[in-house]
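Observations on the three-dimensional arrangement
In case you want the letters, here they are:
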Amino acid sequence: MIVYILCFILFLIGLYGVIAKRNLIKMIIGLAIMEYSINLFLIVIGYVEGGTAPIITKNFKHSGFVDPLPQAMILTAIVIGLATTAVLLAVAIRLYKKYGTFDIDEIKSLKG
Amino acid sequence: MNSLIPLFVIIPLGSAFLMVILERFLKNICKVITPFALLSLLILTLHFILRVEDTQIYKVGGFEPVNGIPIAIYMVIDGLSKFVLLIISLVGFFSILYSLSYTNQYTSENKFYVLFSLLIAGMNGVVISGDIFNIYVFLEIAAIASYALVAFGVEKQQLEATFKYQILGGIASMIILMTIGLIYWNTGTLNIADIYTQISNQNSLFLKFVSLLFVAGFGLKAAIFPFHSWLPDAHSSAPSPISAMLSGVLIKAIGIYVVFRLFFNMFPLSHEIAMTITVLGTISMIVGVLLAIGQWDLKRLLAYHSISQMGYVIIGVGIGMLVIVTGGDKKIAALSIAGGLFHMINHSVFKGLLFLNAGAIEYRTGTRNLQRLGGLAKFMPITSSTSFIASMSISGIPPFNGFFSKVLIIVAAVRAGYNWIAFFAVFVSVITLASFTKVQKYAFHNNDGNKWLKKNIKEVPFSMSFSMIIMALLCLGLSFFIVPEVRDIFLNPAVQILVDTMEYSTKIVGM
Amino acid sequence: MKGMTIIVKKITQLVAPIIFLFGFYIVIHGHLSPGGGFAGGVIMAGAIILQILANGNILNNLLQEEHGMELLESVAIFLFMLIAVLGLLVSGTAIFFQNFVNKGVWGNLLSAGFIPIENIVVGAEVFAAISTIFIAMVVYNDEVKK
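Residues numbered from 1 in each chain as written. Chains lettered and ligands numbered in written order. Predicted model: local features only at pLDDT ≥ 70, side-chain atom pairs only at ≥ 80, totals over all residues. Heavy atoms only, no water.

Counting its secondary structure elements, chain B contains 21 helices and two strands. The C-alpha atoms of chain B give a radius of gyration of 22 Å, which matches the 24 Å a tight globule of 511 residues would have. Each of the three principal axes of chain B carries a C-alpha extent, and together these read 75 × 60 × 45 Å. Relative to its full complement of 511 residues, chain B shows a buried share of 68%. Contacts in chain B between residues at least 24 apart in sequence constitute 81% of all its contacts with a sequence separation of at least 6. As displayed, chain B offers around 16100 Å² of accessible surface, 65% of which is attributable to carbon and sulfur atoms. Charge-centre separation for chain B: the mean point of 32 positive side chains lies 11 Å from the mean point of 22 negative side chains. (Helix = DSSP H or I, 4+ residues; strand = E, 2+ residues; numbered from the N terminus. Rg over C-alpha atoms; globule rule 2.2 N^0.38 Å. Buried < 20%, exposed > 50% of the residue type's maximum accessible area, 1.4 Å probe, protein only. Contact = heavy atoms within 4.5 Å. Areas by Shrake-Rupley, 256 points an atom, 1.4 Å probe, with all protein chains shown as cover. Lys, Arg positive; Asp, Glu negative; His and termini not counted. Charge placed at Lys NZ, Arg CZ, Asp CG, Glu CD.)

Dropping the structure here:
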């Protein structure tokens with residue numbers, strides 16, 4: 001049980017980073033931490049006591065596999081996270097060029 | 001198995017990838033391929049609505065269920081999916097026609113069409129998917145395309161808006177993914193219908209927690225009240241056809257639709273969730289319109305009205321949910337849900353049209369500040385008259401479509417005994433009318449507009465005005481959905497799916 | 001973009017081809033062992049990134065490279081799509097993502113139907129995409145400095 005709670009704490013650390021930090025890059029890092037915590041969580045829920053990696057090898061004895069479906073889900077989530085982070089970073093460096101700062105407090109031309 | 005189902009994803013995705021290759025050799029190929037792709041999607045949707053009845057299931061990869069447990073990724077087309085697909089392809093087609101002239105102001109136009117196709121592919125994928133993880137994947141495709149499209153002009157404000165949108169959208173996606181993980185942990189399956197069979201007898205605290213997480217995640221995507229702060233920025237900064245797509249379609253297809261699908265067909269109905277959704281819908285209806293009053297930026301005003309109008313959709317369906325949960329008359333529930341769904345298609349048409357009008361004004365005059373506009377009626381007659389129709393429609397003046405859906409919702413609310421919701425719905429409608437009177441006055445009438453004479457302002461090009469006229473005609477034409485014969489074809493199959501909550505899973509996995 | 005010292009350059013010359021080869025190995029053994037298209041593609045892109053970081057390059061070459069990578073990416077993703085759609089067309093069963101190629105003998109390099117083909121296409125796609133992202137950021141940085 002402690003593992004799940006640790007995953008959740010990691011998620012909250014990421015959320016804290018996104019909400020409390022004023023630097024664009026640190027916010028992006030916070031989002032990445034949230035994503036990793038969920039990947040970890042999915043890996044953990046797929047674990048079967050004493051299970052091996054779900055691969056059939058030459059000298060293969062059936063002794064229970066870990067659940068391969070969460071692993072496939074994580075792979076997809078990683079790819080999606082890669083795309084999101086790339087777009088975010090691209091926007092962040094563009095913002096830096098326009099405003100000359102990474103500070104979110106100084107980037108506020110939208111109001112109302 | 002109907003082999004036409006995957007085409008809803010293949011056509012937009014394939015045309016997007018094809019365009020990236022071909023744009024190097026043929027400069028204007030994107031402006032040809034995208035409208036045709038959207039047109040074929042529209043025809044395909046109409047084919048499904050008119051010719052194909054019943055729920056259609058498609059198993060990707062052709063894997064049959066093992067021991068009654070579905071293992072393939074399911075694609076499901078039923079009444080509700082068809083209805084949302086119709087919204088997507090209708091508004092998408094006219095937005096892309098509008099874009100043909102509008103995108104001339106950008107340097108890399110071709111990328112616009114590629115991203116637009118990806119947006120359509122993502123939304124179509126969400127709507128036809130019968131598997132929650134697949135919903136997440138397609139939702140991210142649509143979301144990433146929309147992040148890039150909001151920032152398409154790479155101006156200061158657009159970049160800021162897209163950053164805000166991405167951070168909040170990212171948090172929403174993470175919450176959704178975590179919730180999917182929690183559901184998989186509990187049930188060991190990802191298929192919506194199969195999950196329903198597993199958890200339909202449960203009524204644990206865990207389920208309530210998961211439901212609330214889903215409300216938070218998809219509520220962020222749909223901009224329901226406490227999560228609405230990103231919407232006015234993102235929707236007002238985007239290029240106008242994209243604003244029309246985001247406000248008209250995206251928040252419905254990846255937000256509201258998924259909420260309805262999951263809470264009616266996946267989770268067992270519960271009174272708490274129904275009440276939460278209805279109350280949040282009511283609050284966002286009121287807050288949206290109150291925030292909209294003080295706005296002078298035309299697109300920002302429209303974006304706030306989107307929050308308010310989505311509130312109508314949510315209370316329509318939420319009251320239906322409440323009535324079903326409390327064991328009330330199914331006919332009232334059906335009436336209420338029909339009102340909500342009817343308002344959904346109405347909102348996408350008139351709000352899309354209003355954003356296109358705002359884009360037309362900005363395209364010619366270069367500003368969207370209402371205080372600096374005025375007197376445009378003489379110079380842009382088509383924009384002015386279509387905008388008048390859309391304004392009447394959104395404020396619920398008969399005989400335009402907005403009137404009928406609002407009446408359905410209000411009547412259902414009164415008959416279900418929720419008089420306070422009916423009162424707020426009428427109240428918000430009146431304020432909406434006031435707000436749009438202001439838009440009409442300051443944008444088109446107010447002064448004689450002599451300053452536009454000097455600048456040589458004229459009507460927008462043909463493709464833009466054409467799509468605006470057709471959308472205005474649709475504002476009138478959709479009123480016919482109130483006629484029982486038409487409603488039987490378009491609206492009632494969608495309502496049926498939501499009212500008979502069991503049927504979805506029975507048809508897919510069998511009991 | 002400027003390069004690094006001679007030590008880094010020489011080491012990179014030795015290491016980068018091996019990294020690239022390792023990535024390719026992972027891609028083509030995707031159906032037999034852990035890894036596959038995405039992981040192998042990332043490793044292959046790592047070789048390219050290492051090479052650019054160590055040796056540096058002038059802006060024009062980078063732009064050309066970005067152009068080529070973009071084309072490779074779009075062709076690869078289109079091929080992936082095409083193979084998936086071919087399942088709809090051949091063998092008359094109309095199944096999207098149907099594994100229509102002969103499955104072969106288990107454990108051989110040439111087995112598992114169209115999965116190795118898809119793996120190679122995905123590997124090319126990921127390799128090109130990550131290289132494009134990296135090169136685009138380097139190019140942007142150089143352009144801003146100018």
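Once you've had a look at it, read on.
This part is about the overall build of chain A. Scanning chain A from terminus to terminus reveals three helices and zero strands. Helices and strands appear in chain A in the N-to-C order α-α-α. Taken over the C-alpha trace, chain A has a radius of gyration of 19 Å; the compact-globule value for 112 residues is 13 Å, which it surpasses by more than 25%. Across its three principal axes, chain A shows a C-alpha extent of roughly 65 × 30 × 20 Å. Relative to all contacts within chain A whose residues are 6 or more apart in sequence, the contacts with residues 24 or more apart total 51%. Only carbon and sulfur atoms are counted for the fraction: they give 68% of the accessible area of chain A, which is about 6400 Å².

With that settled, the discussion passes to the environment of B:Ile11. Residues and elements named next belong to chain B. Along the polypeptide, Ile 11 turns up in helix α1 (residues 7–22). Separated by 332 residues in sequence, Ile 11 and His 343 place their C-alpha atoms 28 Å apart. Among residues more than four places away in sequence, those in contact with Ile 11 are Ala 37, Ser 40 and Leu 41.

This paragraph deals with the interface of chain A and chain B. Accessible area lost upon the coming together of the parts is a frequently used measure of interface size. Between chain A and chain B, the residue contacts involve 39 residues of the former and 34 residues of the latter. Counting the surface chain A buries against chain B, the share from its top three residues, A:Met73, A:Ile80 and A:Leu110, is 19%. Summed over the shared surface of chain A and chain B, the result is zero salt bridges. Across the contact surface, chain A and chain B share four residue pairs in polar contact (both at pLDDT 80 or more). Listed by contribution, the elements that provide at least two residues to the side of chain A that touches chain B are α1 (2–20), α2 (24–45) and α3 (68–99) of chain A. For the side of chain A that touches chain B, the element with the most residues is α3(A), which contributes 16 residues. (Buried area = accessible area lost by both parts, 1.4 Å probe. Salt bridge = Lys/Arg side-chain N within 4 Å of Asp/Glu carboxyl O. Polar contact = N/O pair within 3.5 Å; in protein donor to acceptor, adjacent residues only side chain to side chain.)

Quick look at the packing of aromatic side chains now. Residue and element names in this part refer to chain B. Inspection of every chain in the model, using the stated rule, returns 27 aromatic pairs over all chains. Relative to Phe 48, the ring of Phe 8 has its centre 5.5 Å away and its plane inclined at 45°; by these criteria the two rings are tilted. With Phe 8 in helix α1 and Phe 48 in helix α2 (residues 30–51), this pair connects stretches of sequence that are 40 residues apart. Of the residues examined, Phe 8 reaches a relative accessible area of 1% and is grouped as buried. (Phe/Tyr/Trp six-rings, centres within 6.5 Å; stacked < 30°, edge-to-face > 60°.)

With that settled, consider the interface of chain C and chain B. Each partner contributes to the interface: chain C provides 14 residues, whereas chain B provides 16 residues. Of the roughly 1400 Å² buried where chain C meets chain B, counting both sides, 78% is carbon and sulfur surface. It is C:Phe78, C:Met81 and C:Phe96 that lose the most area in chain C upon contact with chain B, and together they represent 38% of the buried surface on that side. For the interface between chain C and chain B, the tally reads one salt bridge. Between B:Arg24 and C:Glu70 there is a salt bridge, with the nearest N and O atoms lying 3.5 Å from each other. Along the contact surface separating chain C from chain B lie one residue pair in polar contact (both at pLDDT 80 or more). Within the side of chain C that touches chain B, the residues separate by chemical class into 11 nonpolar, two polar and one charged. (Nonpolar A, V, L, I, M, F, W, Y, C, P; charged D, E, K, R; others polar.)

Attention now moves to the nonpolar core. Within soluble globular proteins, side chains that are nonpolar tend to cluster in buried spots. Ranked by size, the top nonpolar core spans 244 residues in total, and within it B:Met123, B:Phe163, B:Phe214, B:Phe260, B:Phe267 and B:Leu341 carry the most contacts. Examining the composition of this core, we find that 18 residues originate from one element, helix α13 (residues 330–365) of chain B, more than from any other. Contacts of B:Phe163, omitting those with residues within four sequence positions, involve A:Leu24, A:Met27, A:Ile28, A:Leu88, A:Val91, A:Ala92, A:Leu95 and A:Ile104. In terms of nonpolar packing, the next biggest core, distinct from the first, is built from 18 residues, C:Met44, C:Val126, C:Phe134 and C:Val139 among them. (Core = buried A, V, L, I, M, F, W, Y, C linked by side-chain atoms within 4.5 Å.)

Residues and elements named next belong to chain B. The pLDDT averaged across chain B works out to 87; a share of 99% of its residues lies at or above 70. Across chain B, element-level confidence peaks in helix α5 (residues 132–150) with a mean pLDDT of 91 and bottoms out in helix α17 (residues 450–455) with 71. Scored as a complex, the prediction yields pTM 0.92 and ipTM 0.93. (pLDDT = per-residue confidence, 0-100.)

The subject of this paragraph is a nonpolar patch on the surface. Together, A:Met1, A:Ile2, A:Val3, A:Ile5, A:Leu6, A:Ile9, A:Ile13 and B:Trp185 line one region of the surface with nonpolar side chains, adding up to about 790 Å² of accessible area. Ranked by the residues each element gives to the nonpolar patch, the list is headed by α1(A), at six residues. Looking at the element boundaries, A:Met1 is found in the segment before α1. (Patch = residues over 30% accessible without salt bridge, like charges linked within 9 Å, V, L, I, M, F, W, Y side chains within 5 Å.)

All names here are of chain B. Across the junction of Pro 398 and Pro 399, the peptide omega takes the value 5°, indicating a cis bond. Among the structural elements, Pro 399 can be located in the loop between α14 (381–394) and α15 (401–415). Not every positive phi belongs to a glycine, and Val 154 is a case in point at roughly 40°. In this fold, Val 154 is placed in the loop between α5 and α6 (156–187).

Residues and elements named next belong to chain B. By the criterion of burial, helix α7 (residues 192–199) is predominantly enclosed, with six of the eight residues buried. Along α7, the residues that are buried comprise Ile 192, Ala 193, Asp 194, Ile 195, Tyr 196 and Ile 199. For α7, the elements touching its buried residues are α5, α6, α8 (205–222), α10 (240–265) and α21 (503–509). Two or three places before Ala 193, at the start of α7, stands the capping residue Asn 191, its side-chain oxygen 3.0 Å from that residue's backbone nitrogen.

Pairing between side chains of opposite charge can happen when the charged atoms of each approach one another. Residues and elements named next belong to chain B. Evaluated as defined, the whole model comprises 11 salt bridges over all chains. Across the pair Glu 64 and Lys 59 runs a salt bridge whose closest N-O atoms are separated by 3.6 Å. Given a relative accessible area of 13%, Lys 59 falls into the buried group. Here the salt bridges do not stand alone but share partners, grouping Lys 164, Asp 233 and Arg 300 into one network.

All names here are of chain B. Relative to the elements of secondary structure, Ser 405 occurs in helix α15. Of the residues examined, Ser 405 reaches a relative accessible area of 0% and is grouped as buried. When near neighbours in sequence (up to four residues on either side) are disregarded, Ser 405 contacts Gly 339, Phe 342, His 343 and Asn 346.

Another point: the environment of A:Phe8. All names here are of chain A. Within the secondary structure layout, Phe 8 lies in helix α1. The exposure class of Phe 8 is partly exposed, given its relative accessible area of 37%. For the pair formed by Phe 8 and Leu 40, sequence separation is 32 residues and the distance between their alpha carbons is 9.8 Å.

This part covers the environment of B:Ile71. Residue and element names in this part refer to chain B. Locating Ile 71 in the fold gives a position in the loop between β1 (56–60) and β2 (73–77). A residue is classified by how much of its surface remains accessible, and Ile 71, at 51% relative accessible area, is exposed. Separated by 34 residues in sequence, Ile 71 and Ala 37 have C-alpha atoms that sit 31 Å apart.

Residues and elements named next belong to chain C. Among the secondary structure elements, Glu 118 is positioned in helix α4 (residues 115–145). Under the relative-accessibility criterion, Glu 118 is labelled buried at 7%. For Glu 118, the residues in contact, after removing those within four places along its chain, are Phe 80, Ile 83, Ala 84 and Phe 97.

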